[in-house]
Amino acid sequence: MSEASHNYLSAKKGLWSWLATTDHKRIGIMYAIACGTFFLLGGILATFVRTELGTPGETILDQDGYNQIFTLHGVVMVFLVIIPAIPGILGNFVLPIQIGAKDVAFPRLNLASWYLFMAGALMAVFGWLFVGNVDTGWTFYTPYSSGASNAVLWLTSAVFVAGFASIFTGLNFIVTVHKMRAPGMTWNRLPLFVWAIYATGIVQVLATPVIGITMVLLFLEKLMQIGIFDPALGGDPVLFQHFFWFYSHPAVYIMILPAMGIISDLMGTFSRQQVSGYTFIALSSVAIAFLGFLVWGHHMFVSGQSALSSIIFSMLTFLIGIPTGIKVFNWVATMYKGSVWLRTPMIYALMFLFLFTIGGLTGIMVGVLAVDVHLHDTYFVVAHFHYVMMGGALIGLIGGLHYWWPKMTGRMYNETAGIIAAVLIFIGFNLTFFTQFFLGSRGMPRRYHDYTELLENFPEFAALNMASTIGSYILGIGLLMILVYALYSLFKGPKAPANPWGACTLEWTHTGPLPDEHNFHETPLVTRGPYDFHLADDVFGPKEEN
Amino acid sequence: MAQGQHHIIPIRTLAVVFGVLLFLTLVTAVTARVDLGALNVPLALIIAGSKAILVALVFMALKYDNKVNLLVLVLGVVFAVVFLALTLADTEFRGDIGITEPGTTELSVEPVESE
Amino acid sequence: MNEQASIWLPEPASTVAGDVDALFYFILIVSTILFVGVMGAMVAFAWRYRRRSENDRPEPVRENKLVEASWIAIPSILVAIVFIWGFRVFLELGIAPPNAYEINVTARKWSWSFAYPNGAVSTDLHVPVNRPVKLRMSSEDVVHSFFVPAFRVKADVLQGRYSYVWFEATKRDTFNVVCAEYCGTAHSDMYASVVVQSQDDFENWLAENMDDGSLTPAQRGERIYQQQGCFACHSLDGTTSAGPTFLGLVGSTRNFTDGTNAVADDNYIRTAIVNPAQEIVEGFLPVMPGQYATTLSAEDIDALVAFIQEQ
Amino acid sequence: MSSAGTTLKHYFVNHEQQFDAAKLGMWLFLVTEILLFSGMFVAYAVYRSWHPEVFAQASELLDWRLGALNTVVLLASSFTVALSIHFVQKGENDKVVVLLLMTLLCAAIFMVVKYFEYSGKFSHGVFPGAGFEPHGIVDGKDYSKYDIPFAPQFFSIYFVMTGIHGVHVLVGMGLFGWLITRVARGHFSPQWYTPVELTGLYWHLVDIIWIFLFPLLYLI
């Protein structure tokens with residue numbers, strides 16, 4: 001047989017072979033196409049937002065237009081990009097191979113997840129285009145949302161449906177990790193990416209149903225005025241915030257945990273060194289997943305919730321900060337006495353450490369009760385969560401995509417182009433969002449269409465906003481550059497070898513340049529850990545004695 | 001064949017559990033008719049909880065099953081309780097240091113005469 | 001440093017601001033040190049241990065228990081400090097002194113109104129300097145949030161119940177009040193000012209603004225226009241906002257979205273106030289609240305009509 | 001490897017792995033159901049603790065005898081499901097068909113009772129949300145007296161909770177109908193009865209939810 005007939009891409013042809021596939025790798029690619037499209041959309045919306053704010057007064061959007069655009073930017077980026085992207089794309093593509101399985105435990109459910117996700121996305125788009133405008137913000141706070149246009153009904157249904165896609169993905173991965181590991185793949189030989197996706201699965205399964213019931217109740221509140229969340233009917237709007245954040249805070253860990261897993265793999269592979277504190281990083285992923293459920297009230301310090309719960313939530317918030325900090329120390333320590341190879345994925349891993357550390361430290365800032373009172377709902381918070389969600393989750397994803405790109409497409413990309421884009425993204429990102437820390441701590445509230453009237457007391461807002469806007473353009477150019485060289489690589493890139501990075505995990509060591517339809521010729525027998533580079537004679541050849 | 005080796009729960013066990021469940025339903029219905037003051041709610045919840053545990057352990061065979069399934073169920077219940085407890089930590093203590101007054105200010109309630 | 005403005009925080013102007021700022025700068029400095037340390041190590045390792053040959057196969061490093069213990073212990077101690085510190089300042093922010101001067105605040109889409117104990121009502125907040133002031137706030141519609149950056153105070157304002165903030169202003173000046181919780185179309189126009197005055201100036205201002213029953217209907221209407229925040233959507237100078245301007249409104253022909261039209265007379269204006277959704281003028285959305293039939297007295301509405309007639 | 005109806009998917013090593021995976025997946029799904037309902041229980045707990053007297057009074061309008069009847073019906077259906085698993089494990093498929101039919105019957109009785117409860121409420125203006133306007137006299141209770149603040153919250157919660165539960169019962173009925181045809185066609189054996197097992201687990205969870213709804217809504 002020729003080589004071409006051997007891999008997962010060439011095994012079957014035609015559109016239908018994709019749309020009806022149960023191959024986890026193809027489903028991963030389908031998520032990549034979908035999430036990539038939504039990311040492009042969300043990114044375009046973001047540049048509208050930044051352009052509007054670049055100069056005081058009305059620049060390109062009126063108030064309602066601006067409110068709709070930032071709402072849509074939030075909804076698209078949160079529900080259609082960051083939450084599904086890493087588990088959907090890389091979890092699907094990599095996880096089963098990394099544990100030596102032929103597929104996930106429930107391949108048809110896996111495909112159904114993708115369709116549910118697309119159905120949710122289409123419902124959101126349909127509601128937006130044909131039913132009415134939504135300007136509630138992605139948080140849907142009542143009673144504003146229950147009094148808004150009927151498109152809210154579509155959007156809440158969309159979130160509900162897409163939520164089930166997320167649940168089924170998480171469920172699938174948990175069962176796969178529990179039941180489908182290859183012989184010898186013990187729990188302490190799992191790559192840290194697998195641990196991270198496993199922990200993410202726990203959050204997806206336990207938290208997502210609550211956003212489901214929240215959306216059902218909001219839907220009914222809007223449709224029938226059931227009076228659970230609307231104060232005019234005797235309901236409690238703060239209760240809605242509890243419901244919403246019981247999901248949406250853990251959802252932050254759905255976003256960031258998989259990225260942490262990617263970074264662990266990258267730090268190990270590109271330092272050619274055992275990941276420092278493997279057990280700690282593995283178990284702390286699970287611990288963070290659980291602790292993530294106990295801190296949602298830190299979004300509500302000024303909402304009118306009881307001081308008692310504010311204090312409890314603030315304390316628990318710091319409990320989750322400590323293991324996160326220790327992970328950062330461990331990642332840095334991984335390079336110690338290693339062999340650090342600064343290829344594009346590693347550049348992104350280091351960028352992640354830089355940006356995520358800023359995101360984490362400012363997270364401590366907004367977790368402190370008295371300081372949060374001042375910073376809450378200002379641009380400081382906007383900057384903080386962009387450092388975590390974009391600087392953390394999305395940079396992790398981009399790094400992971402560069403790392404696994406040869407395995408997914410069988411081609412290499414241009415390394416120089418990769419590094420130039422990474423530098424542009426780094427500069428653009430910091431210019432965009434670091435300035436927002438100043439804006440926020442000086443008092444510019446978030447979700448503001450205009451700040452003209454604040455200029456009298458805060459003249460520096462004009463320059464800071466302009467800098468942020470310029471930064472966003474640089475960031476956008478960097479991201480577009482990735483799209484360009486990725487497309488080029490897809491058609492014209494040089495063929496990739498089976499293990500271009502000298503990695504030790506199964507997807508690199510036990511498959512060809514492109515994996516087979518069922519991943520392996522034969523089920524691998526695992527005899528060493530994922531980062532045991534010193535034992536990997538099969539990768540590097542016998543070790544030279546000297 | 002693997003599945004043939006699964007534990008088969010005897011009919012007798014199932015019937016006894018069913019009987020106990022019916023009995024507990026009777027108990028909860030009767031005790032709820034009696035005014036026990038503050039005890040009514042906890043009693044009803046304890047009975048319901050016992051019934052649920054019986055169903056889970058025997059009807060759902062968790063007693064004989066792989067322990068990971070039991071762990072999954074326990075986790076689910078634990079996090080539902082976390083949700084409840086931390087939300088009540090707010091709603092039961094609103095206004096504790098005078099930041100926000102609890103409840104609503106405008107609607108007042110007058111009792112209905114029971115028949 | 002605490003009493004100074006910096007690129008990070010605006011000049012503090014209340015008694016609690018100094019305490020909040022001290023904590024903010026403490027976290028900022030410690031974070032900067034940690035950040036520089038971690039990034040320094042990262043860059044140093046990336047350079048010192050850069051790959052020199054394709055075949056580098058470093059030996060695993062034995063984990064150093066002392067280092068690990070220290071990086072667990074030190075962050076734990078630091079967060080314990082900032083938690084307790086933050087908790088103490090939070091209580092300070094939350095508990096008003098018993099002698100605080102009380103002002104009622106009403107928030108609505110998209111304006112604030114402030115009611116003083118003597119019956120005066122204003123759209124800008126006037127407070128005496130060096131005296132604790134407690135605001136008792138509620139909303140007429142959605143969630144708003146009262147935020148004065150210079151005072152470092154913020155609290156959400158909800159419908160159907162009261163929330164509070166208190167502060168003691170320390171500088172005679174004018175500061176911004178902004179709405180910090182997203183509340184719809186004109187969220188970013190929901191401004192007011194805090195005017196901090198000496199005790200004497202404040203009392204004079206209060207006396208001037210008291211409603212003593214001697215106003216003409218149109219004057220009364222102007223006051224209601226201010227108090228109810230009509231200005232947020234209806235200008236007096238001809239600019240178009242969320243609603244039509246009042247300038248030259250009376251006597252003009254109104255074209256409605258359903259294709260009909262009418263001349264704006266007294267009755268039309270009255271209807272438009274008490275039942276705003278009945279006819280929508282072309283080019284506008286039906287966003288005006290329908291509550292004024294119940295929240296304004298008949299006299300108030302008459303006064304408003306008189307005021308609008310004069311424009 | 002292939003006995004009656006047995007299907008080993010290529011990506012599994014053996015039947016044990018396939019069965020365990022399916023069961024673990026089902027349990028994870030059941031946990032999502034628990035958390036879905038937990039939101040309603042939280043709303044119930046919050047409003048009950050704020051307005052205990054209103055909730056006590058409003059629940060008088062629900063007929064506890066019908067609630068108790070439905071509890072017994074659901075418990076019986078759980079029992080028959082448990083028995084059907086027992087017999088499918090022994091390969092006595094004719095008994096399985098009978099037991100599943102009895103389960104289906106119990107579920108139908110449950111829904112019929114629910115229908116009468118709902119229509120009784122609707123006909124006297126007890127609707128969830130804005131339509132709430134109780135009137136008329138039933139069993140000596142003057143409904144119009146129950147038009148009090150926060151009673152709508154109780155009934156909103158009642159309708160949403162029992163409504164979502166009812167949807168689950170309907171889904172269960174569909175599943176049992178489908179199972180019965182498959183059992184009757186001899187698709188299952190002691191070697192492979194995963195769908196029966198999983199549907200059974202689902203049904204028991206629906207039962208457990210009701211075990212809590214009954215006292216919370218009807219009794220206390």
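Residues numbered from 1 in each chain as written. Chains lettered and ligands numbered in written order. Predicted model: local features only at pLDDT ≥ 70, side-chain atom pairs only at ≥ 80, totals over all residues. Heavy atoms only, no water.

Draft legend 1. View of the sheet that holds strand β8 (residues 163–168) of chain C. All names here are of chain C. Judged by pairing direction, the sheet is mixed, and its five strands sit side by side in the order β3-β2-β1-β5-β8 without closing on themselves. A strand with exactly one partner marks an edge of an open sheet, and here the two such strands are β3 (121–122) and β8. In the sheet, strand β1 (residues 101–108) pairs with strand β2 (residues 111–115) via five bridges, with the strands oriented antiparallel. Across the sheet, residue Arg-108 finds its bridge partner in β2, namely Ser-111. (Pairing = 2+ DSSP bridges. Helix = DSSP H or I, 4+ residues; strand = E, 2+ residues; numbered from the N terminus.)

Draft legend 2. Spatial organisation of the interface of chain A and chain C. Taken together, the contacts link 95 residues of chain A with 74 residues of chain C. When chain A packs against chain C, close to 7500 Å² is buried across both sides, 66% of that on carbon and sulfur atoms. Our count for the chain A to chain C interface comes out at two salt bridges. Among the salt bridges present, the one from Arg-161 of chain C reaches Asp-236 of chain A, with a minimum N-O distance of 3.1 Å. Linking chain A with chain C are 33 residue pairs in polar contact (both at pLDDT 80 or more). Looking at the side of chain A that touches chain C, the elements that each hand over two or more residues are α3 (63–98), α7 (237–271), α9 (307–334), α10 (344–367), α11 (369–375), α13 (415–441) and α16 (537–540) of chain A. Ranked by residue count, the leading element in the side of chain A that touches chain C is α9 of chain A, at 13 residues. Of the residues contributing to the side of chain A that touches chain C, the split by class is 53 nonpolar, 28 polar and 14 charged. (Contact = heavy atoms within 4.5 Å. Buried area = accessible area lost by both parts, 1.4 Å probe. Salt bridge = Lys/Arg side-chain N within 4 Å of Asp/Glu carboxyl O. Polar contact = N/O pair within 3.5 Å; in protein donor to acceptor, adjacent residues only side chain to side chain. Nonpolar A, V, L, I, M, F, W, Y, C, P; charged D, E, K, R; others polar.)

Draft legend 3. Inspection of the sheet that holds strand β10 (residues 192–197) of chain C at higher detail. All names here are of chain C. A sheet is described by the order of its strands in space; here five strands give the open sequence β4-β10-β9-β6-β7, paired in mixed fashion. Both edges of this open sheet fall to β4 (125–128) and β7 (153–157), since each of them pairs with a single strand only. Between one strand axis and the next, the sheet turns through 20° on average, direction left out of account. As paired strands, strand β9 (residues 174–179) and β10 are joined by four bridges and run antiparallel to one another. Its bridge partner lying in β10, Phe-175 is registered against Val-194. (Axes fitted to C-alpha atoms, helices over the stretch in contact; angles between N-to-C directions.)

Draft legend 4. Broad picture of the domain arrangement of chain C. Residues and elements named next belong to chain C. Here chain C is described as being made up of domain 1 (1–47 + 64–95), domain 2 (101–208) and domain 3 (217–309). For domain 1 and domain 2, the distance between their C-alpha centres works out to 31 Å. Contacts between the two partners involve 15 residues from domain 1, matched on the other side by twelve residues from domain 2. Between domain 1 and domain 2, the buried area comes to about 1100 Å², and carbon and sulfur atoms account for 55% of it. When residues of domain 1 are sorted by the area they lose upon contact with domain 2, Ala-13, Ser-14 and Thr-15 head the list and together hold 44% of the total. (Domains from an automatic or database assignment.)

Draft legend 5. Up close: a positive patch on the surface. There is a patch of like positive charges on the surface, built from Lys-337 of chain A together with Arg-48, Arg-50 and Arg-52 of chain C. Tracing the sequence through the fold places Arg-50 of chain C in the loop between α1 (15–48) and α2 (65–94). Residue Arg-50 of chain C is classed as partly exposed on the basis of its relative accessible area of 30%. (Patch = residues over 30% accessible without salt bridge, like charges linked within 9 Å, V, L, I, M, F, W, Y side chains within 5 Å. Areas by Shrake-Rupley, 256 points an atom, 1.4 Å probe, with all protein chains shown as cover. Lys, Arg positive; Asp, Glu negative; His and termini not counted. Charge placed at Lys NZ, Arg CZ, Asp CG, Glu CD. Buried < 20%, exposed > 50% of the residue type's maximum accessible area, 1.4 Å probe, protein only.)

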